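The primary structure of each chain is shown beneath.
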Amino acid sequence: YAVASDELRAYSVEFLTRLLEDPEVQVSEYVLARLRDLWNFRREVASEARVSELGAFAEFFASGQFEKRWALEQLNAALSLSGQVVLDRRLAEYLADCVSEEPLLAVRCLRSIIEATRESWRVSVWQVSIKGVLTTAIQGTEEAARQEARELANRLVARSFSNFQDLVQQDR
């Protein structure tokens, strides 16, 4: 593993993620503990040379197998370390699923993902899930999450995503 390329390490994390998402695969607490250890080890040795591997961990945390708060905290760490992730269905739906329980973490992860997303069409494709996360946070009771969701909606409107305009005006 130490001599494997970043792309090969990313592929191994993607493979583990597919296993975690497979409804036919029963994942024991022991295996989840080992996977948490793997992440902790990889995070400790993180460097810019491992951008793809660290980005692959984003979907790993969105597998739904881990406790939500821990997974969102680690997702946020992976996004900070890699600065690279692809906004896709799994991440968008996972954040939409988590926002009611962990609004601030969900919004922060969404912001990091959107900021790292180079292809603007991805934001358009997943705008329903994105808007769901922002709407839930804005309508919630956690003031910090409300504020960050409004700020992200403003950024999206500034980037010409006019479908988020109603969120900007929602709290006025």
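See the structure printed just above.
Quick caveat, the model's predicted, so the values are computed rather than measured.

**A few points about the overall build of the chain**
Check the secondary structure of the chain and you find 10 helices and 0 strands. Reading the secondary structure of the chain in the N-to-C direction produces α-α-α-α-α-α-α-α-α-α. For 172 residues, the compact-globule estimate of 2.2 N^0.38 gives 16 Å, and the chain sits close to it at 16 Å. Projected onto its principal axes, the C-alpha coordinates of the chain cover approximately 55 × 30 × 30 Å. Pairs at least 24 apart in sequence give 69% of the contacts found in the chain among residues at least 6 apart. Put simply, the chain shows about 8,900 Å² of open surface, and 50% of that area lies on carbon and sulfur atoms. For the chain, the centre of its 21 positive side-chain charges and the centre of its 27 negative side-chain charges are spaced 3 Å apart.

**Brief notes about the packing of aromatic side chains**
The final tally for this structure, using the stated rule, is 9 aromatic pairs. On the basis of an interplanar angle of 40° and a centroid distance of 5.3 Å, the ring pair of Phe60 and Phe66 is categorised as tilted. In terms of burial, Phe60 and Phe66 fall into one category: buried. Among the aromatic residues, those joined into a cluster by ring pairs are Trp39, Phe57, Phe60, Phe61, Phe66 and Trp70.

About the thresholds
- Residues numbered from 1 in each chain as written.
- Predicted model: local features only at pLDDT ≥ 70, side-chain atom pairs only at ≥ 80, totals over all residues.
- Heavy atoms only, no water.
- Helix = DSSP H or I, 4+ residues; strand = E, 2+ residues; numbered from the N terminus.
- Rg over C-alpha atoms; globule rule 2.2 N^0.38 Å.
- Contact = heavy atoms within 4.5 Å.
- Areas by Shrake-Rupley, 256 points an atom, 1.4 Å probe, with all protein chains shown as cover.
- Lys, Arg positive; Asp, Glu negative; His and termini not counted.
- Charge placed at Lys NZ, Arg CZ, Asp CG, Glu CD.
- Phe/Tyr/Trp six-rings, centres within 6.5 Å; stacked < 30°, edge-to-face > 60°.
- Buried < 20%, exposed > 50% of the residue type's maximum accessible area, 1.4 Å probe, protein only.

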